[in-house]
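Residue-level structural notes
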Amino acid sequence: MKVAAIVSLLLISIIGSSCSQDKKKSHKANKKDAITATASNNASAPYDFSNPVKYDMQSDLLEISGIAFNNGDASTIYAEQDEEGKIFSFSPGDSKVNQATFGKPGDYEDVAVLNNQAAILRSDGSLFTFPLSEVESGKINSVKEFKKILPAGEYEGLHADGGKLYALCKQCAGKDHNKECNGYIFDVAGDGNVTKSGNFTIDVQKIAALIGKSKLKFHPSALAKNPLTKQWYVLSSVNKLIVVLDAQWNVLQAYPISGKTFLQPEGMAFDSNGNLYISNEGDKITAGNILMFKPKT
């Protein structure tokens, strides 16, 4: 091989190596910037997501999926798990858990309470309502089913506020979850009848930008409204994120959460004092739990 050719190859090799090192340095720098931004975001969060009060669940609620309060009354938590058609009620930290059956086994994802009615969301977009008084008596006889009242997709989040139900799609057919996430609003009458009344969208690209990513496929698990600030909180178990939005669904902030603290976060609720509760499904080793976070002072 001629000397000129050898020199040329050596130069190409040196330049390529230099470029590769520059890319690695750039990647590390971007990653470091993202970690710094995340730490800064969480430091300014209204809750310390690393310091909860923990309530372990009984074996019946190993796969606790959704939680709710009645008008923010923290004395009773209503919950369901994603395999059996049962609703549970109990006081935080109490070993006694009351339960009542409302339907057949199925993939139930969230619960809400409003207008003296309990509402349950099934993953296929079906809603079930029944009187709260029947839940408390232990016998549910007046169930109304609204089969697939939501558009085709997979649903996990349900919340009651101001006499309305808000349902959030985890994965909807024909929707690009890299760009936006869709939600739907329903009116609930005193007799449990449900009628559609509106919809809303969440800007996923704004969430991605806040956590330093160019792209994010957002799959929310739960939503709840802070009664003190009137801001919406959206939880994503898949993305390990809590997103805060204003009353008009504009994204304000996003907080990454740790898998060590949040094993599989699926449910979210606020009490009337603004304390935030997040439920986690358990596994063979760890019990299901509810984590309670007090606002920072």
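Preceding block: the structure.
Let me sum up the structure you'll find in this document. What you see as residue numbers is a count from 1 along each chain, following the sequence as written. Local features in this predicted model are restricted to residues of pLDDT 70 or higher, and side-chain atom pairs are both shown and tallied only at a pLDDT of 80 or more, whereas totals for entire chains, interfaces and linings draw on every residue. Water and hydrogen atoms play no part in the side-chain values, which are based on all heavy atoms of the structure.

It is worth spelling out the sheet that holds strand β18 (residues 265–270) at this point. In spatial order, the strands read β1-β20-β19-β18; together these 4 strands make up an open sheet with antiparallel pairing. Each having just a single partner strand, β1 (53–56) and β18 make up the two edges of the open sheet. Each neighbouring strand pair of the sheet contributes to a mean axis angle of 20 degrees, computed without reference to strand direction. Relative to strand β19 (residues 276–280), β18 is paired through 5 bridges, and the arrangement is antiparallel. In this description, strands pair whenever DSSP reports at least two bridges between them. The helix count covers DSSP runs of H or I at least four residues long, the strand count covers runs of E at least two residues long, and both are numbered beginning at the N terminus. Every axis in this analysis is a line fitted to C-alpha atoms, fitted for helices over the stretch in contact. Angles between the N-to-C directions lie between 0 and 180 degrees.

Moving on, we come to unusual backbone geometry. In this model, N116 sits at a positive phi of 60 degrees, which is unusual for a non-glycine residue. Mapped onto the elements of the fold, N116 is located in the loop between β6 (108–114) and β7 (117–122). Per-residue accessibility, obtained with a 1.4 Å probe over protein chains only, is compared with the maximum for each type, and a residue is labelled buried under 20%, exposed over 50%, and partly exposed between these values. You can call N116 exposed: its relative accessible area is 60%. The backbone of K148 shows a phi angle near 45 degrees, a positive value even though the residue is not glycine. Take K148: it is sitting in the loop between β9 (144–146) and β10 (153–161). Take K148: its relative accessible area is 52%, and that puts it in the exposed class.

A ring pair, where both rings are aromatic, is described by two values, the distance of the centres and the angle of the planes. Pairing of aromatic rings covers Phe, Tyr and Trp, the last through its six-membered ring, and needs centres within 6.5 Å; plane angles under 30 degrees mean stacked, over 60 mean edge-to-face, and all others mean tilted. All told, the structure shown has 18 aromatic pairs when counted by the stated rule. Here the aromatic rings of F49 and Y255 are separated by 6.0 Å at their centres, their planes lie at 45 degrees, and the arrangement is tilted. Residue F49 is found in the loop between α1 (3–43) and β1, and its partner Y255 is found in strand β17 (residues 251–256); the two are separated by 206 residues along the sequence. Of the residues examined, F49 reaches a relative accessible area of 8% and is grouped as buried. Between F49 and F293 the ring centres are 5.8 Å apart and the planes differ by 70 degrees, which places this aromatic pair in the edge-to-face class. A residue pair is termed long-range when its members are at least 10 positions apart, and F49 in the loop between α1 and β1 and F293 in strand β20 (residues 289–293) qualify at 244 residues. One aromatic cluster is present, formed by Y47, F49, Y233, Y255, F262, F270 and F293 through successive ring pairs.

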